[in-house]
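Chain by chain, the residues run as shown.
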Amino acid sequence: MTRVLHADPHDTGTVDTAPNRADEGYDTVFSYRELARLDEALTMSSRETGLRFTLYIGDLGKQTRLRAEELHARGGDPANSVLLAVSPGQRVVEVVTGPSAARRLPDRACALAVLSMTNSFAAGDLVGGVVNGLRQLSDQAGHPRLARDHH
Amino acid sequence: MTVVETLLVFLVAPLSVYLLLWALTYLPGGRKRQGVQYKPGQSWDHEPVWYEPQPQGAPTHAAGEGDTQAVGSSLYGEPAALGSGDGVGPAHGGHGATALSAGAPTPATVGPLGGARGTW
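Residue positions are given per chain, counting from 1 as you read along its sequence in written order. For naming, the first written chain is A and the first written ligand is 1, with later ones following in the order written. This being a predicted model, a pLDDT of at least 70 is required before a residue's local features are given, and a value of 80 or more before pairs of side-chain atoms are given or counted; all residues contribute to the totals for chains, interfaces and linings. As a convention, hydrogens and water are excluded, and side-chain values are obtained from all of the structure's heavy atoms.

## Side note on the overall build of chain B
Okay, step 1: Each helix and strand counted, chain B has one helix and five strands in total.
Okay, step 2: For chain B, the succession of helices and strands along the chain, N to C, is α-β-β-β-β-β.
Okay, step 3: Nonlocal contacts in chain B, meaning residues at least 24 apart in sequence, comprise 33% of its contacts between residues at least 6 apart.
Okay, step 4: A total of about 8100 Å² of accessible surface is found on chain B, and carbon and sulfur atoms cover 62% of it. Numbering of helices and strands runs from the N terminus; a helix is a DSSP stretch of H or I covering at least four residues, while a strand is a stretch of E covering at least two. The contact criterion used throughout is that any non-hydrogen atoms of two residues lie within 4.5 Å. All accessible areas in this document rest on Shrake-Rupley with a 1.4 Å probe, and a residue is counted as covered only by the protein chains that are shown.

Put into structure tokens, the structure is as follows:
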């Protein structure tokens, strides 16, 4: 019988062989299919609207709004970005829009999207809620060129 | 038709069909669901993740040289040596779309923020 030897890893990795993200443990919060749905929703809504939609899932602390705004400011291009911050443990979802994003996404539209998201979340469907919320937000924001012609 | 044949045709054959379908449906290994099944009210003790959209110029085909096709990563190849596209830093423990690391806060006021809040 052969035995598995626990060899120490040698630090001889090159750029190509160094440990990368694929080697780290895969956190199974979402399945591959759900990750693909999230990825597509974020990417396509960002491309269609020209805004930058990002999604944060995790704890938001005691003051959820402040924490979400802090995160929003930390991401790239805060003026044009829209942050969806979901804290499933606290049952809170925050949508933060930057100043120029807020011109195309009024608070009422965000509230409507939040309403549909919380409906899905209450049913236990995190990914579906996020995807639908992103769809609503990007529909409301519209295409940048159309928005420019309109005004 | 003998009694044995009758039993075989009318009893054993239908039963075997039922058993086959039951086994395909309920025996383990058939359909395994990955990920957590979130139920409202349960605690959430996973690492916070921050997904961001793919950068505009990302290759949409199979990753070429310098790209990694990380398991659980996005459908698009990502530059291996770079972190996230906007220079926020190298992504740690990322999966799905690029996950940003939550480092020191650098709040920069850009003006009045909008948005909405909801609970469930």
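## Re the overall build of chain A
Okay, step 1: Looking only at helices and strands, chain A has six helices and three strands in total.
Okay, step 2: Reading the secondary structure of chain A in the N-to-C direction produces α-β-α-β-β-α-α-α-α.
Okay, step 3: A separation of at least 24 residues holds for 60% of the contacts in chain A among residues at least 6 apart in sequence.
Okay, step 4: By element, 51% of the accessible surface of chain A is carried by carbon and sulfur atoms, the whole surface being about 8100 Å².

## Focus: the confidence of the model for chain A
Okay, step 1: The quantity called pLDDT is the predictor's confidence in a given residue, expressed from 0 to 100. Here chain A shows a mean pLDDT of 83. Residues at 70 or above account for 77%.
Okay, step 2: This model gives residues 1–8 of chain A a pLDDT under 50, and the stretch forms zero contacts once residues within four places in sequence are excluded.

## Observations regarding the nonpolar core
Okay, step 1: Ranked by size, the top nonpolar core spans 35 residues in total, and within it Phe30, Phe53, Leu55, Leu84 and Val86 of chain A together with Tyr51 of chain B carry the most contacts.
Okay, step 2: Looking at this core, the elements with two or more residues in it are α1 (32–49), β1 (52–57), β2 (81–87), β3 (92–97), α4 (107–122) and α5 (126–141) of chain A together with β1 (49–52) of chain B.
Okay, step 3: In terms of residue count, α5 of chain A provides more of this core than any other element does, seven residues in total.
Okay, step 4: Among the buried residues, those of types Ala, Val, Leu, Ile, Met, Phe, Trp, Tyr and Cys that are joined through side-chain atoms within 4.5 Å form a nonpolar core. We call a residue buried when its accessible area falls under 20% of the maximum for its residue type, exposed when it is over 50%, and partly exposed in between, using a 1.4 Å probe and counting protein chains only. Grouped together as the second largest cluster of nonpolar side chains are eight residues, Tyr56, Leu83 and Val96 of chain A together with Trp50 of chain B included.

## Looking at the packing of α1 of chain A against α5 of chain A
All names here are of chain A.
Okay, step 1: The angle between two axes is taken between their N-to-C directions and runs from 0 to 180 degrees, where each axis is a line fitted to C-alpha atoms and a helix contributes only its stretch in contact. Remark: α1 packs on α5, axes separated minimally by 9 Å, with the N-to-C direction vectors making an angle of 10 degrees. In terms of orientation, α1 and α5 fall into the roughly parallel class. Residues Glu34, Arg37, Leu38, Ala41, Leu42, Ser45, Glu48 and Thr49 of α1 form the contact with α5, whose participating residues are Val127, Gly128, Val130, Val131, Leu134, Ser138 and Ala141.
Okay, step 2: Amino acids are sorted into nonpolar (Ala, Val, Leu, Ile, Met, Phe, Trp, Tyr, Cys and Pro), charged (Asp, Glu, Lys and Arg) and polar (every other residue, Gly among them). Residue composition of the contact of α1 with α5, by class: eight nonpolar, four polar and three charged. Should an angle lie under 35 degrees it is considered roughly parallel, over 145 roughly antiparallel, and from 65 to 115 roughly perpendicular; all remaining angles are considered oblique.

## So, the packing of α4 of chain A against α5 of chain A
All names here are of chain A.
Okay, step 1: As a packed pair, α4 and α5 sit with axes 8 Å apart at the nearest point and diverge in direction by 165 degrees. Here α4 lies roughly antiparallel to α5, going by the angle between them. Note on packing geometry: the crossing formed by α4 with α5 is right-handed. Judged by residue contacts, Ala109, Cys110, Leu112, Ala113, Ser116, Met117, Ser120 and Phe121 of α4 engage Leu126, Gly128, Gly129, Val130, Gly133, Gln136, Leu137 and Gln140 from α5.
Okay, step 2: Here the contact of α4 with α5 is built from residues that sort into nine nonpolar, seven polar and no charged. Each crossing is labelled by how the near helix is turned from the far one, with a counterclockwise turn of less than a right angle marking it left-handed and a clockwise turn marking it right-handed.

## Remarks on the packing of aromatic side chains
Okay, step 1: Aromatic rings from Phe, Tyr and Trp, with only the six-membered ring used for Trp, were paired whenever their centres fell within 6.5 Å, and each pair was classed as stacked if the ring planes differed by under 30 degrees, edge-to-face if by over 60, and tilted otherwise. Per the stated rule, a full pass over the model turns up five aromatic pairs over all chains.
Okay, step 2: Summarising the aromatic geometry, the rings of Phe121 of chain A and Trp120 of chain B are spaced 4.7 Å apart at their centres and angled 55 degrees between planes, so their arrangement reads as tilted. In this pair, Phe121 of chain A sits in helix α4 while Trp120 of chain B sits in the segment after β5 (114–119), so the two residues belong to two different chains. Across this residue pair, the class does not change: Phe121 of chain A and Trp120 of chain B are buried.
Okay, step 3: On the numbers, 6.2 Å between centres and 45 degrees between planes, the contact of Trp22 of chain B with Tyr26 of chain B is tilted. Within this pair, Trp22 of chain B and its partner Tyr26 of chain B are both found in helix α1 (residues 3–26), separated by four residues, close to a single helical turn.
Okay, step 4: Here Trp22 of chain B falls in the partly exposed class, since its relative accessible area comes to 46%.

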